[in-house]
Amino acid sequence: MAPSRQARSTPSPISPFTSLANLLRRSQRARLILLIAPALLIIGVFMLLPLGLMAYVSILERGINGGVQWGVHTVDAYVAFLFEEDLLGNLAINPDYLQIFGRSFLLSFVTTAACLAIGFPAAFYMALQPEKYRNLLIFLVTIPFWTNLLIRNYAWILLLRSNGLVNESLMGLGLIDAPITLLYTNFAITLGLVYSFLPFMVLPIYASLEKLDLRLVEAAFDLGANKRRAFQRVIVPLALPGIAAGCILVFVPSLGAFITPELLGGSRSMMIGNLIQSQFGAARNWPLGAALAFALLAIVLLAMMVYLMRFRRPPGTG
Amino acid sequence: MRDGTVAAIEVRDLTKVFGGGSQEVRALDGVSLTIARNEFFTLLGPSGCGKTTLLRLIAGFEQPSGGQLLLDGEDIAGRPPFKRLVNTVFQSYALFPHMTVAQNVAFGLEMQGWDGARIGRRVAEMLELVKMESLGDRRPGQLSGGQQQRVALARALANAPRVLLLDEPLSALDFKLRKDMQVELKRLQRETGITFVFVTHDQEEALTMSDRVAVMSQGAVQQVGSPDEIYERPVNRFVADFIGETNFLPAEVEAAGTRYRVPSGETLSGHDPHGHAQGAQVTLALRPERIDLLAQADEPVSGDLAGRVAQVVYFGTDTLYFLELDGIPGRFQVRVQNRNGAQAEFAAGAKVGVRVAADAVQVLVD
Ligand SMILES: Nc1ncnc2c1ncn2[C@@H]1O[C@H](COP(=O)(O)OP(=O)(O)OP(=O)(O)O)[C@@H](O)[C@H]1O
Ligand SMILES: [Mg+2]
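Since we're looking at a predicted model, the values are computed, not measured.

A. Representation of the nonpolar core. Formed by 66 residues in total, the largest nonpolar core has its most connected members in A:Leu209, B:Leu43, B:Leu54, B:Phe96 and B:Phe107. With 9 residues, helix H9 (residues 186–210) of chain A is the largest single contributor of residues to this core. Leave out the neighbours within four places in its chain, and B:Leu54 touches B:Leu14, B:Leu28, B:Val31, B:Leu33, B:Leu43 and B:Met216. Counting residues in each nonpolar core, the second largest holds 35 residues, with B:Val89, B:Leu95, B:Leu164 and B:Met181 among its members.

B. The arrangement of the pairing of strand E6 (residues 86–89) of chain B in detail. Residue and element names in this part refer to chain B. Judged by which residues are buried, E6 turns out to be covered on both faces: Val86 and Thr88 on one side and Asn87 and Val89 on the other are all buried. By the bridge criterion, 4 bridges tie E6 to strand E7 (residues 163–167) in an arrangement that is parallel. The residue bridging Val89 from the neighbouring strand is Leu166, located in E7.

C. Representation of helix H5 (residues 95–128) of chain A within the structure. All names here are of chain A. Taking 1.5 Å of rise per residue, 34 residues should cover 50 Å, and H5 covers 48 Å from first to last C-alpha, within 8% of that figure. The sharpest bend along H5 reaches about 25° and sits at Gly119, with the proline Pro121 one to four residues further on. The N-cap of H5, judged by a side-chain oxygen 3.0 Å from the amide nitrogen of Asp96 a few residues on, is Asn94.

D. Structural view of the packing of aromatic side chains. Applying the stated criterion across every chain yields a total of 18 aromatic pairs over all chains. Arranged with centres 6.2 Å apart and planes meeting at 80°, the rings of A:Phe124 and A:Phe231 form a pair that is edge-to-face. Taken together, the positions of A:Phe124 in helix H5 and A:Phe231 in helix H11 (residues 227–256) put the pair 107 residues apart, joining distant regions of the chain. Seen from their ring centres, A:Phe197 and A:Phe200 are 6.0 Å apart, and the 40° between their planes marks the pair as tilted. Of this pair, A:Phe197 and A:Phe200 both sit in helix H9, 3 residues apart, which is roughly one turn of that helix. For A:Phe197, a relative accessible area of 13% corresponds to the buried category. Judged by relative accessible area, A:Phe200 falls into the partly exposed class, the value being 31%. By the ring-pair criterion, three or more aromatic residues cluster together here, those being A:Phe120, A:Phe124 and A:Phe231. The cationic tip of B:Arg237 hangs over the ring face of B:Phe248; the distance from NZ or CZ to the ring centre is 4.1 Å.

E. How the structure looks around the packing of H5(A) against helix H6 (residues 131–142) of chain A. Residues and elements named next belong to chain A. Here H5 crosses H6 at 150°, and the two axes come no closer than 8 Å. The pairing of H5 with H6 is recorded here as roughly antiparallel in orientation. Like other packed secondary-structure pairs, H5 and H6 cross with a definite hand, here right-handed. From H5, Tyr125, Met126 and Ala127 reach across to H6, where they touch Arg134, Leu137, Ile138 and Val141. For the contact of H5 with H6, the per-class residue count stands at 6 nonpolar, no polar and 1 charged.

F. Region of interest: the site of ligand 1. All names here are of chain B. In the region of ligand 1, the neighbouring residues are Phe18, Val25, Ala27, Ser47, Gly48, Cys49, Gly50, Lys51, Thr52, Thr53, Glu168 and His201. In this structure, Ser47 approaches ligand 1 through a side-chain N or O atom, which is 2.5 Å from an oxygen atom. Within the side chain of Thr53, an N or O atom sits 2.5 Å from an oxygen atom of ligand 1. A breakdown of the residues in the shell around ligand 1 according to their chemical character gives 4 nonpolar, 6 polar and 2 charged.

G. Spotlight on a nonpolar patch on the surface. All names here are of chain A. There is a patch of nonpolar side chains on the surface, built from Leu136, Phe139, Leu140, Ile143, Phe145, Trp146, Phe200 and Leu249 and spanning about 760 Å² of accessible area. Looking at which element gives the most residues to the nonpolar patch, the answer is H6, with 3 residues. Considering the arrangement of structural elements, one finds Leu136 in helix H6. On the accessibility criterion, Leu136 (48% relative accessible area) is partly exposed.

H. Structural detail: the packing of H11(A) against helix H2 (residues 101–111) of chain B. The geometry of H11(A) relative to H2(B) is characterised by a closest axis approach of 12 Å and an angle of 155° between their N-to-C directions. In this view, H11(A) runs roughly antiparallel relative to H2(B), as classed from their interaxial angle. Seen from above, H11(A) lies across H2(B) with right-handed handedness. Taken together, the residues of H2(B) that come into contact with H11(A) (itself represented by A:Arg229, A:Arg233 and A:Val234) are B:Phe107, B:Glu110 and B:Met111. Split by residue class, the contact of H11(A) with H2(B) holds 3 nonpolar, no polar and 3 charged.

Calculation rules
- Residues numbered from 1 in each chain as written.
- Chains lettered and ligands numbered in written order.
- Predicted model: local features only at pLDDT ≥ 70, side-chain atom pairs only at ≥ 80, totals over all residues.
- Heavy atoms only, no water.
- Core = buried A, V, L, I, M, F, W, Y, C linked by side-chain atoms within 4.5 Å.
- Buried < 20%, exposed > 50% of the residue type's maximum accessible area, 1.4 Å probe, protein only.
- Helix = DSSP H or I, 4+ residues; strand = E, 2+ residues; numbered from the N terminus.
- Contact = heavy atoms within 4.5 Å.
- Pairing = 2+ DSSP bridges.
- Expected span 1.5 Å × (residues − 1).
- Bend = angle between axes of the 7 residues up to and from the residue.
- Polar contact = N/O pair within 3.5 Å; in protein donor to acceptor, adjacent residues only side chain to side chain.
- Phe/Tyr/Trp six-rings, centres within 6.5 Å; stacked < 30°, edge-to-face > 60°.
- Lys NZ or Arg CZ within 6 Å of the ring centre and 35° of its normal.
- Axes fitted to C-alpha atoms, helices over the stretch in contact; angles between N-to-C directions.
- Parallel < 35°, antiparallel > 145°, perpendicular 65-115°, else oblique.
- Left-handed = near helix turned anticlockwise from the far one by under 90°.
- Nonpolar A, V, L, I, M, F, W, Y, C, P; charged D, E, K, R; others polar.
- Near = heavy atom within 4 Å.
- Patch = residues over 30% accessible without salt bridge, like charges linked within 9 Å, V, L, I, M, F, W, Y side chains within 5 Å.
- Areas by Shrake-Rupley, 256 points an atom, 1.4 Å probe, with all protein chains shown as cover.
- Salt bridge = Lys/Arg side-chain N within 4 Å of Asp/Glu carboxyl O.

As structure tokens, then:
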């Protein structure tokens, strides 16, 4: 065979496709990098970049009319989080923001507890249904998501306000004489949060309960455990990964929620989300907003770490 | 009871119906059994005959649709599982995956409110009994099937139940391990003195391990007896067919309780627990190993049948001959020990005589 003909039949060596293919064939590492590149790109562009930007903003001097003064660095925002400069220029501890953080944690905690109290029995009930009803029940649980969060919160306003459905009904039944204050309270916020985040509790718990082998419960009965003990010692421990996931999925977004406290809580029941939003909005203090967001992020990351250390599956339980 | 001892378990006319209407399943249909204390009692039957259902009723996981269930002479209807002195070794083992081996074994003791030190001693004792001392800190997921099985046993035995229910506990094990565990189970039963109710669909396992066997079919008990009774004296065609290999011959009663005439005209002497009257049509059961083959040249005696070898199957320890008998429909099996090595005594096509051992014929009800 003539060498010239052979040379012509192979594709042009400078084709980018061919050279890439050759590179991939030669190098295991090149192939690996190419495979994880899309994931890295997404994490980089959509997570690390904005986070880095926010971190940078939090150590910049605030702009007079909002925004920041690029290149002017200061830790003012972090100081302002805890301290307040009085008229003489001394720093005094300012508990306002801490209070808001405290309230947010308290309300989120109560929300999580309430979601768990309602969500576990609901998930348990769902898991015990015949298979054909279960998918229907999951479907029903997700129905609230079909409506916009704002609309659902406005609906709660209609229910809870002085002349709302709840008060009117209670008065109509003669249980109360005058309307009770429901709206613009911590109660209203918690109610709204529980309502919004309940599915996030139900679904992971359901997922772990559905996998639970009922024969294990029978084994517990067989060994002398009554219903309560079988529940405590077998059902709950085996559902624990689902419970933990549900708690995180409710607690974390509750902490950062701002639509619900904004609409149902009024001005006196601010949460972290509202605070951050107001710093970027009305208060025009971007660095403080960014610093607050980072404080929140730090706490959430801490919670996640505790979760991972505590609930990582022990070997052999797969 | 008459002799003054109370049965560990007494089942009277127990019925269990699942579902309703067109989907009704009679899983148990009037089962009556008496299981003595310290007995190794086996429920044997094909898949779906109601063995598991009976165990679940005894354990209390299901409620009977009718009949009575007595534990140590006490009616336990409506008593929840955790108030019955009965423990179960589940077919699937059902070990708690989130607990270690030792914690699994300790579970029942904790439920009974034992204190920590006593539990520790008992758990060690139990793990030693099943030879698992060194694996107490493992989780079930880190154990082999046989090890899990032994943990399940230790866990069920720790509470010192009056009765231990075992639902096909060996079915997931390979042949060798299975043989070892059979010996082990027998030893445990002797050492602990606990009544074992053992479920299996493996007839060999049932025959080798049990004091008594109940053969079940379609929700009903067909026969209860010692392994040799079940094997040598099956009462009906189902039992004879289910356990071991059997030849069935149609016959007419010539003299009630003694002589039975087969279609080829010969008469065989047989054992009839049912008392068929003279002239009745019956079925005779003959085990293949209770039959001798004779060369054509041998002098036939009264009761010998004649036939031709159709097929020879070599089994190592013995050889199975399939015969066609003169004047009798169907195939007839004869199993002959290979005393002279692999050389078969008769080749396919050979004419042979068939001599049935004296008490080998069992008369069945159909
Ligand atoms: N919960 C139930 N609902 C409806 N039918 C059932 C139920 N449990 C058992 N059955 C039916 O009852 C019959 C007896 O079942 P059982 O589980 O007792 O059989 P088994 O003898 O243990 O069989 P195997 O050897 O296969 O385990 C079967 O026909 C089964 O389909
Ligand atoms: Mg079964």
